[in-house]
Amino acid sequence: LALSNGVVALSGNHRMYGDMSSRVMATVGSIVPDIEIYSIDECFMHFDGWDNTTLPQVGRDIVRKVLRCTGIPASLGIAPTKTLAKIASGFAKKYPAYHGCCLIDNDEKRHKALELTPIGNVWGIGRRLSRKMLERGIDTAAKFASLSAEDAHKLVNVAGIHTWMELNGQPCIGCEDNPPARKQICCSRSFASGITDFNTLSEAIAAFVSIGARKLRQQNMVTTSISTFIHTNPFRDDLDQYYAAGHITLEEATSDTMTLTDAAIRGLRQVYRRGYSFKKGGILISEMSDAKTIQQSLFKEAADRERRSRLMRVLDRINASSTGRDTVHVAAQAPLDSYVRSERTSRRYTTRMSDIIVVHTGG
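S.K.: Would you mind showing me how to read the overall build of the protein chain here?
M.R.: When helices and strands are counted, the protein chain shows eleven helices and eight strands. For the protein chain, buried positions account for 39% of its 363 residues. Partitioning the contacts of the protein chain with sequence separation of at least 6, the portion at a separation of at least 24 is 65%. Accessible area of the protein chain: about 21400 Å², with a carbon and sulfur share of 52%.

S.K.: Explain the environment of Asp34 here, please?
M.R.: Within the secondary structure layout, Asp34 lies in the loop between helix H1 (14–29) and strand S1 (35–39). We classify Asp34 as partly exposed; its relative accessible area is 35%. Spatially, the C-alpha atom of Asp34 lies 7.7 Å from that of Phe47, the residues being 13 residues apart in sequence. If sequence neighbours within four positions are ignored, Asp34 has contacts with Phe44, Met45 and His46.

S.K.: What should I look at first to understand the pairing of strand S8 (residues 278–290) in this one?
M.R.: Walk down a regular strand and you will see the side chains alternate between the two sheet faces. Bridge count for strand S5 (residues 185–195) against S8 is seven bridges, and the pairing is antiparallel. By the bridge assignment, Ser188 is partnered in S8 with Gly282.

S.K.: What is the right way to read H1 from this model?
M.R.: Structural remark: α-helix, 3.6 residues per turn; residues separated by three or four positions point the same way. Here H1 spans 22 Å end to end across 16 residues, near enough to the 22 Å set by a 1.5 Å rise per residue. Turning to H1, its buried residues number three or more, namely Met16, Met20, Ser21, Val24, Met25, Thr27 and Val28. Seen end-on, H1 carries its buried residues on one side only, within an arc spanning 165 degrees. Structurally, H1 contributes buried residues whose contacts are with S1, strand S2 (42–45) and helix H2 (55–70).

S.K.: When you look at the nonpolar core in this model, what are you seeing that I'm missing?
M.R.: Within soluble globular proteins, side chains that are nonpolar tend to cluster in buried spots. Counting residues in hydrophobic clusters, the biggest one holds 31 residues, and the most contacted among them are Leu201, Ile226 and Ile283. For this core, the elements supplying multiple residues, two or more each, are S5, helix H9 (198–218), strand S6 (221–232), strand S7 (243–254), helix H10 (257–271) and S8. Of all the elements, H9 adds the most residues to this core, at nine residues. Once residues lying within four places of it in the same chain are set aside, the contact partners of Ile226 are Val209, Gly246, His247, Ile248, Leu260, Ala263, Ala264, Ile283, Leu284 and Ile285.

S.K.: Even after reading the chapter, I still don't get the environment of Ile283, so can you show me in this structure?
M.R.: Its location among the elements puts Ile283 in strand S8. Remark: the alpha-carbon pair of Ile283 and Phe208, spanning 75 residues in sequence, is separated by 6.5 Å. Ile283 has contacts with Ile185, Cys186, Cys187, Ile205, Phe208, Val209, Ile226, Ser227, Thr228, Phe229 and Ala264, leaving out every residue within four places of it along the chain.

S.K.: Looking at this structure, how should I read a nonpolar patch on the surface?
M.R.: Side chains of Val314, Ile318 and Val328 sit close together on the surface and give an oily, nonpolar patch of about 180 Å² of accessible area. Residue position: Val328 is located in the segment after helix H11 (302–319).

S.K.: Can you help me understand unusual backbone geometry in this one?
M.R.: With glycine set apart, most residues show a phi of negative sign, and most peptide bonds adopt trans. Positioned with a positive phi, His99 is a non-glycine residue whose angle comes to about 55 degrees. Structurally, the position occupied by His99 is in the loop between helix H3 (82–94) and strand S4 (101–103). Classification of His99 by relative accessible area gives exposed; the value is 56%. Positive phi, normally seen in glycine, also occurs at Glu287, with a value near 50 degrees. Within the secondary structure, Glu287 sits in strand S8. In this structure Glu287 comes out as partly exposed when scored by relative accessible area, which is 48%.

S.K.: Looking at this model, I keep getting lost on the pairing of S6. Mind explaining?
M.R.: Burial within S6 is extensive, with eleven of its twelve residues counted as buried. Of the pairings in the sheet, the one linking S6 to S8 comprises eleven bridges and is antiparallel in character. Residue Thr228 lies in a different strand from S8, and its bridge partner there is Ile283. Here S6 pairs with S7 via eight bridges, running antiparallel. Counted as the bridge partner of Thr228 is Gly246 from S7.

S.K.: I tried to follow the packing of H3 against helix H8 (residues 158–167) on my own but got confused; where do I start?
M.R.: When two helices pack together, their arrangement is given by the angle between their axes and by how far apart the axes lie. Relative to each other, H3 and H8 sit at 65 degrees, their axes nearing to 7 Å. By the angle between their axes, H3 is roughly perpendicular relative to H8. Contacts from Lys82, Thr83, Leu84 and Ile87 in H3 reach Thr163, Glu166 and Leu167 in H8. Residues that form the contact of H3 with H8 fall into these classes: three nonpolar, two polar and two charged.

Thresholds applied
- Position labels on residues start from 1 in each chain and follow its written sequence.
- Totals for whole chains, interfaces and linings use every residue, but because this is a predicted model, local features are given only for residues with pLDDT of at least 70 and side-chain atom pairs only at 80 or more, for both listing and counting.
- Only hydrogens and water are set aside when side-chain values are computed; all heavy atoms of the structure are taken into account.
- A run of DSSP states H or I qualifies as a helix once it reaches four residues; a run of E qualifies as a strand once it reaches two. Both are numbered from the N-terminal end.
- A 1.4 Å probe rolled over the protein chains alone gives each residue an accessible area, and that area as a share of the maximum for its type sets the label: buried under 20%, exposed over 50%, partly exposed in between.
- Whether two residues are in contact is decided by their heavy atoms: any pair within 4.5 Å suffices.
- Here the open area of atoms and residues is found with the Shrake-Rupley method and a 1.4 Å probe, where only the protein chains shown may cover a residue.
- In this description, strands pair whenever DSSP reports at least two bridges between them.
- In this analysis, the expected span of each helix is defined as 1.5 Å times one less than the number of residues it contains.
- Here, the arc refers to the directions that run from the helix axis to the C-beta atoms.
- Within this scheme, the nonpolar core is defined by two criteria: the residues are buried Ala, Val, Leu, Ile, Met, Phe, Trp, Tyr or Cys, and they are joined through side-chain atoms within 4.5 Å.
- Patch definition: residues above 30% relative accessible area lacking any salt bridge, with like charges linked at up to 9 Å and the nonpolar side chains Val, Leu, Ile, Met, Phe, Trp and Tyr linked at up to 5 Å.
- Between Lys or Arg on one side and Asp or Glu on the other, a salt bridge is scored when a side-chain nitrogen of the former is within 4 Å of a carboxyl oxygen of the latter.
- Every angle, taken between N-to-C directions, lies between 0 and 180 degrees, and every axis is a line fitted to C-alpha atoms, over only the stretch in contact when it is a helix.
- Relative orientations are named as follows: roughly parallel for angles under 35 degrees, roughly antiparallel for angles over 145 degrees, roughly perpendicular for angles from 65 to 115 degrees, and oblique for any other angle.
- Following the grouping adopted for this structure description, the nonpolar residues are Ala, Val, Leu, Ile, Met, Phe, Trp, Tyr, Cys and Pro, the charged ones are Asp, Glu, Lys and Arg, and the polar ones are all others, Gly among them.

Here it is, written out as C-alpha cells:
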C-alpha cells in the first residue's frame, strides 16, 4: 500500500525472513565452520587457529559471498571479544571504506573505537544502565572501560562486569555450542477484524498451536502445560474490554499437535465469553523438558504414543517440503491468513512456488 511521502506499508513476511536467515547462515558456514547463531540476523564466527594476517581478506570475502548468494548486504566485525566484535561490526556498517569488514586487532584501534562509541550502543548496556552511567558522566564506551575494577563493581552487576572486561580485551562471554533451550514458546497474532464466534476463534487458536508444536519438535522438547489467551481491542474505547487466559495441565508431556490443540481449545472454553469482539489471541507453551526424559503415564498406551510420534514426523516432513508448511494440518485448524492481515505481504519468492520470480524477456 503506497502512502504519502513515498512510504510503502507492508505486512510481515516471516516465512521469507526465516528462510533468508537460514541461507545467510549456511553461506557463512561454508567459509567458517565454527559459527554460533545469535539471532535471525546475526551470528558469531570463531577464528581460533586462523592466520590473523588473512582475517581482513577473509572477512571481506564473507561479506561479498553473502551478498552474491543471497542479495543481502552484511557487515562483519573481527575483534578479540564478542563485545568488541559487535562494536567493530557497527563501524563496518557505517563506513563504506571498511568494505563491510572492520578489524580491531590492537589497543590503539580498540581505544579509538571505544572513544567513538556512545555508552548506549554497547552490547549488554541496557537503557536503564545507560541512563545511570550518563548521570555519572560516562557517555562513551572508553570512559566505562577506563574505570578501575573497584569502581566498575560498584556501578554494575556481574553481567556488566563481563561487558567491562570484554571492552578491555578480556574474553569472558564464551561460545554456546549448545544454546539453552527456550523455557517458553508463545505464538499470537492480532486479527484483521474482531472475532466474536467461538468456532472461528478456536480455528485460529488451533493454527497457533500447530506453529508452537512444530517448534517444540524442532527443539526435541515436550510440554505438560499450555495456556490460551484472548483479549479485545484496547484502542476501542467504544467497545467492552475483556482479557483472560485459560491454563491446561497435561498428564503426560507431549509435543503432539492434536493433543495440544485439544488442550488449547479446552483452555479457550474456560475463558471465552459471548458478546465480546476479540482482536487478539494466542497460546503459551511452558514447563518444557527434553523429549528423552518424558515421565510416562500409566494410563497411556506405549504403542499409541509411538504411532502419534511417527505421525508427527511424517507431518513435519511433508510440511517442510516445497508443497508448503500447512499442506497437512489438524481438522480444527484454518489457515492463519484467514484471520490476520496479510494483504500487504510481499511475495514469498523463496518459500512458495506460486510466488517464484518470473523473468520476462523483451520481444
